[in-house]
Amino acid sequence: MIVFVIIACIIALTVTTLLIQRTRLVYPIWCCAFMATILLITIKISFNNPVYKFIGKNMLSLYLLHFIPINVLGATALAKESKYLFVILCIAVSFALAVPFTMLTDKVTDKIFNMQ
């Protein structure tokens, strides 16, 4: 059953891609079909990767704290001179900030909700 839905989504993606330049209504349909395809694929396939688990555990902290290294390092000349180094440093500093922040928020959450 799910295979037929995935095949139908792929056909819908192909057809809407061909029609995308003819009408503006097709683009939202194409986006929804793409989203449904990705959702169905991720439901069917299990990703048991330790990197994904680590990123998933720290995702909220990464989201909340990523602007700090971007703003601080963006004010330096590094952002203009070497964009790749700037991105690598921003990612590294974001992870360095996110891991202790996740540990802290986990401890606070455990204290608030009395979890062991």
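Check the entry above for the structure.
The structure contained in this document is the topic of the report that follows. (Residues numbered from 1 in each chain as written. Predicted model: local features only at pLDDT ≥ 70, side-chain atom pairs only at ≥ 80, totals over all residues. Heavy atoms only, no water.)

### A word on the overall build of the protein chain
Working step 1: A count of helices and strands for the protein chain gives seven helices and zero strands.
Working step 2: Counting from the amino terminus, helix and strand elements in the protein chain follow one another as α-α-α-α-α-α-α.
Working step 3: With 116 residues in all, the protein chain has 17% of them scored as buried.
Working step 4: Within the protein chain, contacts between residues separated by at least 24 positions form 59% of all contacts whose residues are at least 6 apart in sequence.
Working step 5: As presented, the protein chain carries roughly 9,300 Å² of accessible surface, and 74% of it is formed by carbon and sulfur atoms. (Helix = DSSP H or I, 4+ residues; strand = E, 2+ residues; numbered from the N terminus. Buried < 20%, exposed > 50% of the residue type's maximum accessible area, 1.4 Å probe, protein only. Contact = heavy atoms within 4.5 Å. Areas by Shrake-Rupley, 256 points an atom, 1.4 Å probe, with all protein chains shown as cover.)

### Observations regarding the environment of Ala-79
Working step 1: Of note, Ala-79 is situated in helix 6 (residues 78-81).
Working step 2: On the basis of relative accessibility, which here comes to 18%, the residue Ala-79 falls in the buried class.
Working step 3: Ignoring anything within four residues of it in the chain, the contact list for Ala-79 reads Leu-73, Gly-74 and Phe-86.

### Topic: the side chain of Asn-58
Working step 1: Following the sequence through the fold, Asn-58 ends up in the loop between helix 3 (50-57) and helix 4 (59-65).
Working step 2: Contact partners of Asn-58, with chain neighbours within four places excluded, come to Ala-98, Val-99 and Thr-102.

### Side note on the packing of helix 3 against helix 7 (residues 83-113)
Working step 1: Two numbers describe how helix 3 lies on helix 7: the axes approach to 10 Å, and their chain directions differ by 65°. Judged by the inter-axis angle, helix 3 sits roughly perpendicular to helix 7. Between helix 3 and helix 7, the residues in contact are Phe-54, Ile-55 and Lys-57 and Phe-95, Val-99, Thr-102 and Asp-106, respectively.
Working step 2: Along the lines of polarity and charge, the residues of the contact of helix 3 with helix 7 split into four nonpolar, one polar and two charged. (Axes fitted to C-alpha atoms, helices over the stretch in contact; angles between N-to-C directions. Parallel < 35°, antiparallel > 145°, perpendicular 65-115°, else oblique. Nonpolar A, V, L, I, M, F, W, Y, C, P; charged D, E, K, R; others polar.)

### Some points on the packing of helix 5 (residues 67-74) against helix 7
Working step 1: At a minimum axis separation of 8 Å, helix 5 and helix 7 run at an interaxial angle of 135°. One finds that helix 5 runs oblique with respect to helix 7. In this structure, the crossing between helix 5 and helix 7 has a hand that is right-handed. When helix 5 is examined against helix 7, the residues Ile-68, Pro-69, Ile-70, Leu-73 and Gly-74 are found in contact with a partner set consisting of Phe-86, Leu-89, Cys-90, Val-93, Ser-94 and Leu-97.
Working step 2: Of the residues contributing to the contact of helix 5 with helix 7, the split by class is nine nonpolar, two polar and no charged. (Left-handed = near helix turned anticlockwise from the far one by under 90°.)

### Focus: the packing of aromatic side chains
Working step 1: Within this structure, the stated rule accounts for one aromatic pair.
Working step 2: Their ring planes at 20° and their centres at 5.9 Å tell us that Phe-54 and Phe-95 sit as a pair that is stacked. One end of the pair, Phe-54, is in helix 3; the other, Phe-95, is in helix 7, with 41 residues separating them in the sequence. (Phe/Tyr/Trp six-rings, centres within 6.5 Å; stacked < 30°, edge-to-face > 60°.)

### Regarding the environment of Phe-101
Working step 1: Within the secondary structure layout, Phe-101 lies in helix 7.
Working step 2: Accessibility expressed as a relative area gives 28% for Phe-101, which makes it partly exposed.
Working step 3: Separated by 39 residues in the primary sequence, Phe-101 and Leu-62 place their C-alpha atoms 9.1 Å from one another.
Working step 4: What Phe-101 contacts, discounting residues up to four positions off in sequence, is Ser-61, Leu-64 and Leu-65.

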